[in-house]
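These are the residues of each chain, in order.
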Amino acid sequence: MSDALLEAWRAARGAVETAAAGRPVTLVAVSKTRSHDEVATLARFGQRDFGENYVQEALPKMAACARLGLPFEWHFIGPLQSNKAREVATHFDWVQSVDRPKLVAALAGYRSSERAPLNVLIQVNIDEEASKSGCRPADIDDLARRIDAEPMLRLRGLMAIPDPARDAAAPGGAFERLRGLFEALRARYRDVDTLSMGMSDDYLDAIRCGATMVRIGSALFGPRPPRD
Ligand SMILES: *Cc1c(COP(=O)(O)O)cnc(C)c1O
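So, a few notes on the structure that sits alongside this text. The residue numbers shown here count from 1 along each chain, following its written sequence. Where totals are concerned, whole chains, interfaces and linings use all residues; where local detail is concerned, this predicted model gives features only for residues with pLDDT of at least 70, and gives and counts side-chain atom pairs only at 80 or more. Side-chain measures here rest on the full set of heavy atoms in the structure, leaving out hydrogens and waters.

Considering the site of the ligand
Item 1. Throughout this document, a residue counts as near a molecule or strand when at least one of its heavy atoms sits within 4 Å of that molecule or strand. All residues in the neighbourhood of the ligand are listed as Val-30, Lys-32, Asn-53, Ile-77, Ile-161, Met-199, Ser-200, Arg-215, Ile-216, Gly-217, Ser-218 and Arg-224.
Item 2. Any N or O atom pair separated by 3.5 Å or less is treated as a polar contact, with the protein-specific requirement of one donor-capable and one acceptor-capable atom, and with residues adjacent in sequence counted only for side-chain atom pairs. Within the contact set of the ligand, an oxygen atom lies 2.7 Å away from a side-chain nitrogen or oxygen of Lys-32.
Item 3. Within the contact set of the ligand, an oxygen atom lies 2.8 Å away from a backbone nitrogen or oxygen of Gly-217.
Item 4. In this description, accessible areas are obtained by the Shrake-Rupley approach with a 1.4 Å probe, and a residue is regarded as covered only by the protein chains that are shown. Summarising the interface, the protein chains cover 91% of the accessible area of the ligand, which totals 390 Å² for the free molecule.

And the structure:
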């Protein structure tokens, strides 16, 4: 298992680095449904950033990993209910799925002032799909202002999951529009430096279109078992 994982991780890192052409791009290993052992294996190779979608699944895995004595940055990337905001604000380093004012207030209220501020990305529903999480592009400004006003939150940028049925990398496509929204935000807020877009099937295109962070699951760990 760990040979195949090492191989896949090295390949992805190499591909990210080549596509990034000297720019810093963070690879977040998406470890939802994956065991603590698989995460530990990657962490021993030197992987630091991990993304999780489900609070209940993530917390025991994170606690087990904390005992390894290795550096970890944990990213919450799944849809977030307000009743989970306390656990997320307590245990994670990043939340990439902030898409409404209620979450901003809840996360800020629960982040301990003894910790570093929680890094926050605004999730944008870039293709304005009816069923998707993420705010409308027109709502970014209001959310950004609210996040920026909270001392225990640090606005770092934007995250999106473009509609897989469309070509996100096409001219005028989702990646290009996200890049534009990101640049506009970065011009206004000093800590904004992160554009999280691109997954296993499209991370190289995303990097070429300006992503500074990619979230890769199945290309590292293999196909995920279906969830019910
Ligand atoms: C599952 C997931 C990923 C990783 O998807 P892969 O296609 O397996 O790389 C990335 N981002 C989010 C928000 C996810 O939920």
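Describing helix α2 (residues 36–45)
Item 1. Where α2 is concerned, the buried positions are Glu-38, Val-39, Ala-40, Thr-41, Leu-42 and Ala-43.
Item 2. Each element contacted by the buried residues of α2 is listed here: α1 (2–20), β1 (26–30), β2 (49–52), α3 (55–66), β3 (73–76) and α9 (218–221).
Item 3. Each helix is a run of H or I in the DSSP string that is no shorter than four residues. Each strand is a run of E no shorter than two, and both are numbered from the N terminus. Backbone geometry just after α2 places Gly-46 at a positive phi near 125 degrees. A simple rule labels every residue: compare its accessible area, found with a 1.4 Å probe on the protein chains alone, to the largest value its type can have, and call it buried under 20%, exposed over 50%, or partly exposed in between. In what follows, residue pairs with any heavy atoms lying within 4.5 Å of each other are defined as contacts.

A closer look at the nonpolar core
Item 1. Buried residues of nine kinds, namely Ala, Val, Leu, Ile, Met, Phe, Trp, Tyr and Cys, make up a nonpolar core once their side-chain atoms join them within 4.5 Å. In this structure, Leu-107, Ile-122 and Leu-220 are the most contacted members of the largest nonpolar core, which totals 67 residues.
Item 2. Apart from residues no more than four positions distant in its own chain, Leu-107 is found in contact with Leu-80, Ala-85, Val-88, Ala-89, Val-95, Val-98, Leu-118 and Leu-153.

Considering the environment of Ala-43
Item 1. Following the sequence through the fold, Ala-43 ends up in helix α2.
Item 2. When the C-alpha positions of Ala-43 and Cys-65 are compared, they lie 8.8 Å apart, and in sequence the two are 22 residues distant.
Item 3. Those residues within four positions of Ala-43 in sequence are excluded, and the remaining contacts are Phe-50, Leu-70 and Phe-72.

Considerations on the pattern of salt bridges
Item 1. The term salt bridge refers to a side-chain nitrogen of Lys or Arg lying within 4 Å of a carboxyl oxygen of Asp or Glu. If you walk through the whole model with that rule in mind, you get 18 salt bridges.
Item 2. Note that Asp-193 and Arg-156 form a salt bridge whose closest N and O atoms lie 3.0 Å from each other. One end of the pair, Asp-193, is in the loop between α7 (174–188) and β7 (194–196); the other, Arg-156, is in strand β6 (residues 153–159), and 37 residues separate them in sequence.
Item 3. By relative accessible area, which is 12% here, Arg-156 ends up buried.
Item 4. Overlapping salt bridges bring together Asp-127, Asp-163, Arg-166 and Arg-177 as one network.

Remarks on the packing of aromatic side chains
Item 1. For this analysis, a ring pair means two rings from Phe, Tyr or Trp (six-membered ring only for Trp) whose centres lie within 6.5 Å, classed as stacked if their planes differ by under 30 degrees, edge-to-face if by over 60, and tilted for the remaining angles. Considering all chains together, one arrives at 5 aromatic pairs under this definition.
Item 2. Relative to Trp-74, the ring of Phe-50 has its centre 5.6 Å away and its plane inclined at 35 degrees; by these criteria the two rings are tilted. Here Trp-74 lies in strand β3 and Phe-50 lies in strand β2, a separation of 24 residues in the sequence.
Item 3. A centroid spacing of 5.4 Å and a plane angle of 85 degrees characterise the contact between Phe-76 and Phe-92, whose relative ring orientation is edge-to-face. Of this pair, Phe-76 sits in strand β3 while Phe-92 is found in the loop between α4 (85–91) and β4 (94–98), placing the two residues 16 residues apart along the sequence.
Item 4. Here the aromatic residues Phe-50, Phe-72 and Trp-74 are joined through ring pairs into a cluster of three or more.

Overview of the pairing of β1
Item 1. In terms of residue burial, β1 counts as a mostly covered element, since 4 of its 5 residues are buried.
Item 2. Two strands pair if DSSP finds at least two bridges between them. Note that β1 and strand β8 (residues 213–216) share 4 bridges and pair parallel. For Ala-29, the partnering residue across the bridge sits in β8 and is Ile-216.
Item 3. Pairing between β1 and β2: 2 bridges, direction parallel. Residue Ala-29 lies in a different strand from β2, and its bridge partner there is Phe-50.

Regarding unusual backbone geometry
Glycine aside, a negative phi is what most residues show, and trans is what most peptide bonds show.
Item 1. Here the phi dihedral of Ala-21 falls at roughly 45 degrees; this positive angle occurs in a residue that is not glycine.
Item 2. A relative accessible area of 67% places Ala-21 in the exposed class.
Item 3. One non-glycine residue with positive phi stands out, namely Glu-128, at about 50 degrees.

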